[in-house]
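The lines below spell out each chain.
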Amino acid sequence: ALAVNGSTKIMGVIGDPIAQVMTPTTINPIFAARGANIVCVPLHIDARELDTAWAGLKALRNLIGFGITLPHKQAALALCDSLDPLAKRVGAVNLVRREADGTFRGYQFDGKGFVRGLKAQGHTLSGSHCLMVGAGGAAIAIAFALAEEGAASLTIANRTRTKAEELADAVNRAMGRSFARAGDPRPTPGEIIINATSLGLSASDPLPIDASLVDETMLVAEVIAKPEVTPLLQAAHARGARVHSGIHMIRGQVDLIAAHIAEVQTDS
Ligand code: NDP
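Residues numbered from 1 in each chain as written. Predicted model: local features only at pLDDT ≥ 70, side-chain atom pairs only at ≥ 80, totals over all residues. Heavy atoms only, no water.

**A short note on the overall build of the protein**
Here is step 1 of the chain: Across its full length, the protein carries 9 helices and 12 strands.
Here is step 2 of the chain: With the C-alpha coordinates of the protein rotated into their principal frame, the extents come out at 55 × 40 × 35 Å.
Here is step 3 of the chain: Relative to its full complement of 268 residues, the protein shows a buried share of 51%.
Here is step 4 of the chain: Considering only contacts in the protein between residues 6 or more positions apart, those separated by 24 or more positions represent 69%.
Here is step 5 of the chain: Summed over its atoms, the accessible surface of the protein is roughly 12200 Å², and 53% of this surface lies on carbon and sulfur atoms.
Here is step 6 of the chain: Mean positive and mean negative side-chain charge positions of the protein (25 and 25 charges, respectively) differ by 3 Å. (Helix = DSSP H or I, 4+ residues; strand = E, 2+ residues; numbered from the N terminus. Buried < 20%, exposed > 50% of the residue type's maximum accessible area, 1.4 Å probe, protein only. Contact = heavy atoms within 4.5 Å. Areas by Shrake-Rupley, 256 points an atom, 1.4 Å probe, with all protein chains shown as cover. Lys, Arg positive; Asp, Glu negative; His and termini not counted. Charge placed at Lys NZ, Arg CZ, Asp CG, Glu CD.)

**Points about the domain arrangement of the protein**
Quite often, the size of an interface is put as the accessible area lost when its parts meet.
Here is step 1 of the chain: Here the protein is described as being made up of domain 1 (9-108) and domain 2 (111-249).
Here is step 2 of the chain: Domain 1 puts 7 residues into the contact, and the matching count from domain 2 is 10 residues.
Here is step 3 of the chain: Buried surface at the junction of domain 1 and domain 2, summed over both partners, amounts to about 750 Å²; 66% is from carbon and sulfur atoms.
Here is step 4 of the chain: Contact with domain 2 buries surface across domain 1, with Met-22, Arg-89 and Val-90 losing the most and accounting together for 61% of the total.
Here is step 5 of the chain: Notably, a salt bridge pairs Glu-148 with Arg-89, separated by 3.1 Å at the nearest N-O pair.
Here is step 6 of the chain: Joining domain 1 to domain 2, the criterion identifies 1 residue pair in polar contact (both at pLDDT 80 or more).
Here is step 7 of the chain: The residue makeup of the side of domain 1 that touches domain 2, split by class, is 3 nonpolar, 3 polar and 1 charged. (Domains from an automatic or database assignment. Buried area = accessible area lost by both parts, 1.4 Å probe. Salt bridge = Lys/Arg side-chain N within 4 Å of Asp/Glu carboxyl O. Polar contact = N/O pair within 3.5 Å; in protein donor to acceptor, adjacent residues only side chain to side chain. Nonpolar A, V, L, I, M, F, W, Y, C, P; charged D, E, K, R; others polar.)

**Focus on the site of the ligand**
Here is step 1 of the chain: In the vicinity of the ligand lie 23 residues, with Ala-138, Asn-158, Thr-160, Lys-163 and Val-223 positioned nearest.
Here is step 2 of the chain: Between the ligand and the protein, one listed contact pairs an oxygen atom with a side-chain N or O atom of Lys-163 at 2.6 Å.
Here is step 3 of the chain: Within the backbone of Val-223, an N or O atom sits 2.7 Å from a nitrogen atom of the ligand.
Here is step 4 of the chain: Coverage of the ligand by the protein chains reaches 78% of its 930 Å² of free accessible surface.
Here is step 5 of the chain: If you list the elements that add at least two residues to the shell around the ligand, you get helix 6 (137-148) and helix 9 (247-262).
Here is step 6 of the chain: A per-element tally of the shell around the ligand places helix 9 first, with 3 residues. (Near = heavy atom within 4 Å.)

**A few points about the environment of Thr-69**
Here is step 1 of the chain: Its location among the elements puts Thr-69 in the loop between strand 3 (63-68) and helix 3 (75-79).
Here is step 2 of the chain: Classification of Thr-69 as buried rests on a relative accessible area of 18%.
Here is step 3 of the chain: Residues Thr-69 and Thr-26 lie 43 residues apart in sequence; the distance between their C-alpha atoms is 15 Å.
Here is step 4 of the chain: Other than its neighbours up to four places away in sequence, Thr-69 contacts Ile-14, Gly-15, Gln-20 and Val-21.

**Thoughts on unusual backbone geometry**
Here is step 1 of the chain: A cis geometry characterises the amide bond from Asp-16 onward to Pro-17, with omega recorded as 0 degrees.
Here is step 2 of the chain: Following the sequence through the fold, Pro-17 ends up in the loop between strand 1 (9-15) and helix 1 (23-34).
Here is step 3 of the chain: Of note, the amide linkage connecting Leu-70 to Pro-71 takes the cis form, showing an omega dihedral of 0 degrees.

**Notes on the nonpolar core**
Here is step 1 of the chain: By size, the foremost hydrophobic cluster in this structure holds 36 residues, and its most contacted members are Met-132, Ile-142, Leu-146, Leu-154, Ile-156, Leu-167 and Ile-194.
Here is step 2 of the chain: Among the secondary structure elements, those contributing two or more residues to this core are helix 5 (110-120), strand 7 (129-133), helix 6, strand 8 (153-157), helix 7 (161-175), strand 9 (180-182), strand 10 (192-195) and strand 11 (219-222).
Here is step 3 of the chain: Per-element accounting of this core gives the leading share, 9 residues, to helix 6.
Here is step 4 of the chain: Apart from residues no more than four positions distant in its own chain, Leu-154 is found in contact with Cys-130, Met-132, Ala-143, Leu-146, Phe-179, Ala-180 and Arg-181.
Here is step 5 of the chain: Of all hydrophobic cores here, the second largest spans 17 residues; its members include Ile-18, Ile-27, Ile-261 and Ala-262. (Core = buried A, V, L, I, M, F, W, Y, C linked by side-chain atoms within 4.5 Å.)

**Here we look at the packing of helix 1 against helix 9**
Here is step 1 of the chain: Running from N to C, helix 1 and helix 9 cross one another at 45 degrees; their axes reach a closest spacing of 10 Å. When the interaxial angle is binned, helix 1 and helix 9 end up oblique. Handedness of the helix 1/helix 9 crossing: right-handed. In contact with Thr-26, Ile-27, Ile-30, Phe-31 and Arg-34 of helix 1, helix 9 contributes Ile-250, Val-254, Asp-255, Ile-257, Ala-258, Ala-259, Ile-261 and Ala-262.
Here is step 2 of the chain: The residue inventory of the contact of helix 1 with helix 9, partitioned by class, reads 10 nonpolar, 1 polar and 2 charged. (Axes fitted to C-alpha atoms, helices over the stretch in contact; angles between N-to-C directions. Parallel < 35°, antiparallel > 145°, perpendicular 65-115°, else oblique. Left-handed = near helix turned anticlockwise from the far one by under 90°.)

The following block contains the structure:
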C-alpha cells in the first residue's frame, strides 16, 4: 500500500485532458518496489495556464519532476531551464526533472520506450523495414529511435506531407545515412507498420492505413495505449498480422523514468 508522509517527494504528470494518463498507475508500483518515498499524481493544466502552473511547479520544493503529455510537450521546450540533447533534437519534452541545482531540465523517453516495448515483446527492429504513419511529436521520437536501433529503412507517411519530408531529412542528416523517406501509407509484405498518429483515440476515427493491404507477414504497432486494442489492431489481427499495443511504449519507458527521476535527491 502507498504510504504518503511528510517526507514524500512528488512527481507530477501534466496534461489536458488528464484522466487517461497511465503514468501514475504504472510508475507508483515501481517507486514502491524501489523503496523510493515518491508518489506520482496527475496534474490537470490547461494550455493557456501552462506558464502560471510552471512557476507553481517550480515553487513546490518537494516536487522532483513531472511527466508531460498532450498538449504541453512542445510548449515545455521553451520553459525548461536546460534540455537534454535528445529532447532538443526531437523538439518535445516528455519528462522534466528538477536537477540538484534546482533547475528544470527537459528529457525525452518516448522513442526509447517504443523500441524497448517492442523488444520486450520479442520483436526485432534491427534490419527491419518500417512504415510509420504520422510525423508529430511521438513519430519524431520513434523515427530517431528506429534509426539508432539499426532498422534498415523507414517510410514516413503523414497527412501533411511536408512534415514527413522534413522528418526524413532530419533523421538522415543526424544518422549520416539514407534511411528514411516520405511516402504513402501503403503497407508492403514483411514490414513493421507503426501508427504514430492520434487516429484511433476516438472510436469514430478512420484507420490510418488501408487495412485490406495488411497480411500475416506484417507486424502492426500502435502508439495509442487507450484503448489498448485499437480498431487498427483489431483489423490487423483479423488479417493474421502480429499486433503490438501502445501500452508497451509506456511500459518500455516507465522503469527508465522512475530510475532517472529518483536519481536526484533535492532538499525540501
Ligand atoms: P502530435 O499532435 O504531435 O501529432 C499528431 C499526428 O497525428 C500528426 O502526424 C498528425 O498529422 C496526425 N493526425 C492527427 N489527426 C489526423 C487525422 N484526422 N488524419 C490524419 N492524420 C492525423 O501528437 P503526438 O505525436 O504527441 O501524439 C500522437 C499519438 O501518440 C497520441 O495518440 C498520443 O496519445 C500517442 N502517444 C503515445 C505514447 C505512449 O507511450 N504510448 C507516448 C506519446 C504519444 P498532421 O501532421 O497532418 O497534423
